[in-house]
Amino acid sequence: MSTKQKSNETIALNRKARHEFSIEERFEAGIVLQGWEIKSLRAGRVQLDQSYVIIKNAEAYLFGSNITPLITASTHITPDPQRSRKLLLHQKELNKLIGSVERKGYTLIPLSLYWKNNLVKLEVGLAKGKKQHDKRADEKERDWQREKQRLLKPRI
């Protein structure tokens, strides 16, 4: 296996996020990782399903993500798979996120984790939670689009 990563290769997706939340805006954030975490990411051993982003002391942190350590990770450290990881954002972006979360009732959720020029980036979504009827409407719309494609498909 080659150690060079393709540009924008996806490591992990949070599929539940698009179902549970309506995403208003997306931000790209760097993430502070340790060496064993990079090795685990290369092996694809990460989960974003139960994770969320919080802002504390004017800094953003990723909580609840699970990066499973490899058996051969390291002998001199004890890896913590669910530790909080600091996110790297510009101050202007952080100020915007702080204002939206505190005043307007938005939530910050991780959408995807990917490689960008040998750096790990996290796509963070500024989102509002969907109500049950919104989820049903989205599902109905998706089914209708699928049915339309079936009907418009040329018969041979």
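Here, every reference points to the structure presented above.
Residues numbered from 1 in each chain as written. Predicted model: local features only at pLDDT ≥ 70, side-chain atom pairs only at ≥ 80, totals over all residues. Heavy atoms only, no water.

Chemist: Give me the lowdown on the overall build of the chain, citing residues and values where you can.
Modeler: Scanning the chain from N- to C-terminus turns up 4 helices and 9 strands. Mapped in sequence order, the helices and strands of the chain form the string β-α-β-α-β-β-β-β-β-α-β-β-α. Along the first, second and third principal axes, the C-alpha atoms of the chain reach 60 × 50 × 25 Å. Among the 156 residues that make up the chain, the fraction classed as buried is 34%. Across the chain, every contact between residues at least 6 apart in sequence was considered, and the portion connecting residues at least 24 apart equals 71%. When the accessible surface of the chain is totalled, it reaches about 10,500 Å², and 50% of it is carbon and sulfur. When the 31 basic and 18 acidic side-chain charges of the chain are each reduced to a single mean position, those positions are 3 Å apart. (Helix = DSSP H or I, 4+ residues; strand = E, 2+ residues; numbered from the N terminus. Buried < 20%, exposed > 50% of the residue type's maximum accessible area, 1.4 Å probe, protein only. Contact = heavy atoms within 4.5 Å. Areas by Shrake-Rupley, 256 points an atom, 1.4 Å probe, with all protein chains shown as cover. Lys, Arg positive; Asp, Glu negative; His and termini not counted. Charge placed at Lys NZ, Arg CZ, Asp CG, Glu CD.)

Chemist: Quick one: what's the story with the side chain of Ser-51, residue by residue and with numbers?
Modeler: Residue placement: Ser-51 occurs in the loop between strand 3 (46-47) and strand 4 (52-56). With relative accessibility at 6%, the residue Ser-51 sits in the buried group. From its side chain, Ser-51 meets the backbone oxygen of Leu-48 in a polar contact 2.7 Å long. Excluding residues that lie within four positions of it along the chain, Ser-51 makes contacts with Leu-62, Phe-63, Gly-64, Ser-65 and Pro-110. (Polar contact = N/O pair within 3.5 Å; in protein donor to acceptor, adjacent residues only side chain to side chain.)

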